[in-house]
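Here are the chains, one letter per residue:
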Amino acid sequence: MSSYIKPAAAFKKLEAAKLLKQNVYMYGATGFGKTELIRQYFKNDKYIYIPCRQNSCEMSLVPEKSGRTAAVVIDNVHAVESADIRSGIKALCGRKDLWVIIIGRSRMPSWLFDTFITRNMLLITEEDLALSEEDIDKYMRAEGIILTEEELRFQKQCSEGNLYGIKYTAQRLLAGDKIGKELFEKNSDMFQSYLENSIISEMNSEIVDFLMKICIVDDFTEPLAIIITGNSAVLSLIDRTMDTGNFIDKKDDVYTIRPQMLKTLRKKAVKEISENELHQYAILAGGYYETCGEDDKALDLYAKYSESDRIRELLIRNSRKNPESGYYIEMRRYYFMLSEADILSNVYLMSAMSMLYSMMLDFDKSEYWYKKLTEYRDNAKGSGRREATQQIVYLDISLPGRGSINILELIKNCYALLRDKSIAFPEFSVTSNQPSLMNGGKDFCDWSKHDKEIAAAAGNIVVAFLGKYGKGLVNASLAESFFEKGGDPYEVMSLISKAKLEAEADGKTELCFAATGTLVRQYIILGDTDNATALLTSFEKTAKKEGLKRLYPVIEAMKCRIALINGDMDEAAEWMKTAPDENERFVAFERYLYLTKIRCYIAMESYDLAYSLIESMNYYAEHCDRKYISMELGILAAIVRFRSGAEWEERFVSVLERICEYQFIPILSGEGAAVYELLKQCENRCADNKKIDKKWFERILTETGKIARRYPLYLKSSARSVPELQPVDIRILTCLADGLSVQKTAENLNINYETLRSRIKEIYRKLGAKNKTEAVMVAREMKLI
C-alpha cells in the first residue's frame, strides 16, 4: 500500500490480546483491511499465515510444539466447510504455546462460537476496523488530497469507513473527479463488480442460488424465505449464508442484506435467472406480504413487475379498511397512478381518494371526490347505491377536514340506519392510533364539558355504533375527561382499569393504548416517571406481540417525551434521528410525533424550527377543528416566543382563556418549568381578565409549580455565558461562517494548518458546539459574528 493508516481501536485490541496471550477472532466485510492490518501489525515480527479455502487449510505449517509462543493467523475461515478442518482450527485454539488470530467475514461462525466462549477469545469487530473521519483525512493527506469537513463527512457516510472504497475514491480524485454523488456511484459500481467477481464467485453454489432468489425483496423472515425458495429447511441455509460473510444483518427475526451486496445480487439475478422466474418470485413474495397485512410492500413488488391488475385489486381492498389499519399515505403514489375513469368505476376507490386528500390537507380535492361519490349514489341502484351510501356516511363522520361539528348527531343517524339494516357501516377507529380518545380520531373537547350527561344519554349508542372499537370506550373517555380537568387520580385510575378490562375481553388493543396513554400522563403528573415508563414498556410488548406496527412510532415518541421530562437530551436526540420530516411531507396522522418534535426543538433551542412546525400544525388544527391541539400549540408557541424575545403575553392570555373554558389542567401544568415563568409574569393580567376563572388560574399556578419542581430539567433553557474568545478566534469563525474550508482559512489568516485545526477544536469547546455548523449558529446567536 502507498499509505497505511492503522485503525486505532483494532490495533489497541491486538496489543491487549498479545499482552494477555488471548486468542482473537476478527471479522469484517470485504475491503475493511483485515489481512493488511495483520501484515502491518507483524511487519517486524514473525508469524505463521494460513489462508483457508472450502476444503483446504494448511495447518501442517504449524509446528507440533513451539519452544516459545508462536503467532498463528488463520485467514478466510468463512470459506471453510470441512468438519475436519474446523475441528483442527478449534484444536489450535486450545494450545498454550500458540497465539491464534482467526480472520473471517462473518460476525461469528456458528461452529466457532463454543470455542470463542470457552477459550475466552477477544473479538475485533468491523466497527473497530472502520476508518474514522480523522483516519480518512490522514489517508487523503498522505495521498496529497485535502478534503473539507463536509466532504470528509460525506466520504465516511458513503464508505462506512471501508478502506477499499476510500482507496478507490483517492484514485479517482487524483484522476480529476470530484467528491459527490457521481463519484459515489462510480465507487459503488466498481465495488459491486469486485463483489461479484471476487467474493460471490468463491461462494458455495447453493448459497449463491438462495441469495439470488431472496434478493427480490429488501428484507426477509424465515417464513418469507420458505415461500420464495420452496425450501422448508431454509433456516439452516440462512445460517450457512451468515457464516459465509458479514453481509446479512439480523434484527427481531428480520434479515437484511447490506445495500452493496443486495445491488450486486440483483444485477447478477437479472443476468442469470429468467424474467418469468423472477416474476414468479415477486408474485409469491407479494402474496405473502398481503397475507401479513403489509400491502405497501406487496404493491412495490407488483409495480416493479407491472402487475397492474393485482395493484388495482389491492388498492380496492385497502380502500375498504379504515385509514388507521390501511396504508393510504404509504400507497398514495399508487392511488395517484390510477386514471380518473378507474377511480370513478369503484365506490371504495372514490371514498379512498376523498379520505387520502383530506389526510394530506388538500380539502378541495377531497371534496371533489366526495361529490363524485354522491353523484354515483344518486345514479346507482341496489347494492351499488347501498355501498355508496355507506361510504358517504362513513366520510361524513371520519374525514379529517370535516372536524367534529355535529358528530354526535351523525353517529345517531348512522346508528338508526344500522338498526334498520339499511347499510353495513365500515369499521371506525375513534383513537386513530393516538394515545388519547379526546384528541384521537376526532377532537372531543366539547364533549368534556358535559361528559357524564353524554355518557349516560348517548354512551350505549356510540358503543353499539363502533362495535369492537367501542368496548371500554365510555369508561376510558370519562377517565381522560376527568384527568384533563384535574380530577381525582384514583377515580381516573379506577375508570381506566375498567376500560382496559372491557377492551381486553372483546375489544381492540388500540383503545387499551389510549387508556394507557392517559394513565402514563397521570403517573407523570404524580411525579412517578418510573411507573410511567414501566407501563409503557409493558404495553409495547403487547403491541409487538400483536404486530400493531402503526403504534410503534407513537410509543417511541411517548418514550421521548418521558426522556425530555427527565432531562435526558441524549435519548431525545436519538429519537430525533427517526422523527418524521415535516418538510418532506406533512401527514395529519403523525401529529403526535410532530408535537413531540416541537418539544425537542425547544429543548435544543432550535426556536425557528419549532415555530415553523407550530405554524404548519396550526394550519392543520384550524382546518380540521382540532381544538385541543390548537390550545397545545398556543402554549408551545408562547414558550418559543418568550425565549426568543418576541411578544408573547397577549397571545398566551388568549390561549389561557380558551383552556379555562374547558377547565383543563394538565395541558398547562404538564409543561411545568417550561411554562411556569410565563404564568407568573402574566398573573396580574389574568387576575383582571373576566374570561379567566380565578380559582382555576390559582390551581393552574399551584399544579404547574409542583411539576416544575418535580422535573426541573424539562425543556430547560441553557442560558449560555459569552465565552472568552480572542480576536483571532472571531476572525476564524467569520471565515468558517463565510463557507471557507479549513485549508482556505489557514491561507487567508496565515496560520499553520495543524495549528488552525487545534484552535478550531478549542473554539468548538468554548462554544459548546460539536461541529462547524453548530459553532457558527451559536456564535451568531451570541452576536459574536
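Further up the page is the structure itself.
These lines cover the structure that appears in this document, whether it is placed above or below. Values in this document were obtained by computation on a predicted structure and should not be read as measured data.

### As for the state of the cysteines
For step 1, the next point in the chain: With the rule as written, the count across this model stands at 0 disulfides.
For step 2, the next point in the chain: Of the cysteine sulfurs around Cys 445, a residue in no disulfide, the closest is that of Cys 660, at 14 Å.
For step 3, the next point in the chain: Free cysteine: Cys 560, not disulfide-bonded; nearest cysteine sulfur from Cys 600 at 3.5 Å.
For step 4, the next point in the chain: A relative accessible area of 1% means that Cys 560 is categorised as buried.

### Examining the packing of aromatic side chains
Between two aromatic rings, the relevant description is the distance of the centres plus the angle of the planes.
For step 1, the next point in the chain: Counted by the stated rule, this structure contains 23 aromatic pairs.
For step 2, the next point in the chain: Relative to Tyr 194, the ring of Tyr 164 lies with its centre 5.0 Å away and its plane at 20°, an arrangement referred to as stacked. Residue Tyr 164 is located in helix α8 (residues 163-174), and its partner Tyr 194 is located in helix α9 (residues 181-199); the two are separated by 30 residues in the primary sequence.
For step 3, the next point in the chain: Taking relative accessible area as the criterion, Tyr 194 reaches 27% and is therefore assigned partly exposed.
For step 4, the next point in the chain: Seen from their ring centres, Tyr 662 and Phe 664 are 5.3 Å apart, and the 20° between their planes marks the pair as stacked.
For step 5, the next point in the chain: In this structure, Arg 320 packs its charged tip against the face of Tyr 348, placed 4.0 Å from the ring centre.

### Quick look at the nonpolar core
For step 1, the next point in the chain: By size, the foremost hydrophobic cluster in this structure holds 182 residues, and its most contacted members are Phe 220, Ile 598, Phe 652, Leu 656 and Trp 696.
For step 2, the next point in the chain: Once residues within four sequence positions are removed from consideration, Trp 696 is found in contact with Leu 656, Ile 659, Cys 660, Gln 663, Phe 664, Ile 665 and Leu 668.
For step 3, the next point in the chain: If you look at the next biggest cluster of nonpolar residues, it comprises 25 residues, including Tyr 27, Val 62, Val 100 and Leu 112.

### Brief notes about the sheet that holds strand β8 (residues 248-251)
For step 1, the next point in the chain: The strand order across the open sheet formed by 3 strands is β7-β9-β8, and the pairing between neighbours is antiparallel. At either margin of the open sheet sits one strand with a lone partner, and together these are β7 (219-220) and β8.
For step 2, the next point in the chain: Note that β7 and strand β9 (residues 254-257) share 2 bridges and pair antiparallel. In the sheet register, Phe 220 faces β9, and the bridge partner there is Tyr 255.

### Some remarks on the pattern of salt bridges
For step 1, the next point in the chain: For the structure on display, the rule yields 49 salt bridges.
For step 2, the next point in the chain: Salt-bridge contacts for Lys 90 lead to Asp 114; the nearest nitrogen and oxygen are separated by 3.5 Å. Here Lys 90 is found in helix α3 (residues 83-93), whereas its partner Asp 114 is found in helix α4 (residues 113-118), with 24 residues between them in sequence.
For step 3, the next point in the chain: For Lys 90, a relative accessible area of 26% gives the class partly exposed.
For step 4, the next point in the chain: Asp 114 gets classed as partly exposed once you look at its relative accessible area, which sits at 42%.
For step 5, the next point in the chain: The closest approach of N and O atoms between Glu 632 and Arg 599, which form a salt bridge, is 2.9 Å. Taken together, the residues span a long stretch of sequence, with Glu 632 in helix α33 (residues 627-644) and Arg 599 in helix α31 (residues 591-603) at a distance of 33 residues.

### Here's the deal with empty space enclosed by the protein
For step 1, the next point in the chain: Tallying each qualifying case throughout the model produces 4 cavities of 30 Å³ or more.
For step 2, the next point in the chain: Empty space within the largest cavity amounts to approximately 580 Å³.
For step 3, the next point in the chain: Around the largest cavity sit 31 residues that line it, and Arg 521, Arg 561, Tyr 592, Arg 599 and Glu 632 are the ones nearest its centre.
For step 4, the next point in the chain: Elements with a contribution of two residues or more to the lining of the largest cavity: α25 (473-484), α27 (509-525), α29 (552-565), α31, α33 and α35 (666-669).

### Remarks on the sheet that holds strand β1 (residues 24-27)
For step 1, the next point in the chain: Sheet architecture is open: 6 strands sit in the order β3-β2-β4-β5-β1-β6, paired in mixed fashion. Either end of the sheet is taken by a strand with one partner, and the two such strands are β3 (56-57) and β6 (122-124).
For step 2, the next point in the chain: Across 4 bridges, strand β2 (residues 48-53) lies against strand β4 (residues 70-75) in parallel orientation. The partner of Pro 51 across the bridge, within β4, is Asp 75.
For step 3, the next point in the chain: Lying over the sheet, helix α1 (residues 8-20) contacts β1, β5 (98-104) and β6, oriented at roughly 165° with respect to β6.

### Here's the deal with the side chain of Asp 451
For step 1, the next point in the chain: Looking at the secondary structure, you find Asp 451 in helix α24 (residues 451-466).
For step 2, the next point in the chain: Since its relative accessible area comes to 12%, Asp 451 is described here as buried.
For step 3, the next point in the chain: When near neighbours in sequence (up to four residues on either side) are disregarded, Asp 451 contacts Leu 478, Ser 481, Phe 482 and Lys 485.

### Examining the packing of α27 against helix α28 (residues 529-545)
For step 1, the next point in the chain: The interhelical angle for the contact between α27 and α28, taken along N-to-C directions, is 165°, at an axis separation of 8 Å. In terms of orientation, α27 lies roughly antiparallel with respect to α28. Every pair of crossing elements has a handedness; the one defined by α27 and α28 is left-handed. Residues Thr 509, Cys 512, Phe 513, Thr 516, Leu 519, Val 520, Tyr 523 and Ile 524 of α27 form the contact with α28, whose own contacting residues are Thr 529, Asn 531, Ala 532, Leu 535, Leu 536, Phe 539 and Thr 542.

About the criteria used
Residues numbered from 1 in each chain as written. Predicted model: local features only at pLDDT ≥ 70, side-chain atom pairs only at ≥ 80, totals over all residues. Heavy atoms only, no water. Disulfide = S-S within 2.5 Å. Buried < 20%, exposed > 50% of the residue type's maximum accessible area, 1.4 Å probe, protein only. Phe/Tyr/Trp six-rings, centres within 6.5 Å; stacked < 30°, edge-to-face > 60°. Helix = DSSP H or I, 4+ residues; strand = E, 2+ residues; numbered from the N terminus. Lys NZ or Arg CZ within 6 Å of the ring centre and 35° of its normal. Core = buried A, V, L, I, M, F, W, Y, C linked by side-chain atoms within 4.5 Å. Contact = heavy atoms within 4.5 Å. Pairing = 2+ DSSP bridges. Salt bridge = Lys/Arg side-chain N within 4 Å of Asp/Glu carboxyl O. 1 Å grid on protein atoms, 1.4 Å probe; cavity = no way out; pocket = protein on both sides within 12 Å on 5 of 7 lines; lining within 4 Å. Points joined across faces, edges and corners; volume = space filled by probe spheres on them. Axes fitted to C-alpha atoms, helices over the stretch in contact; angles between N-to-C directions. Parallel < 35°, antiparallel > 145°, perpendicular 65-115°, else oblique. Left-handed = near helix turned anticlockwise from the far one by under 90°.

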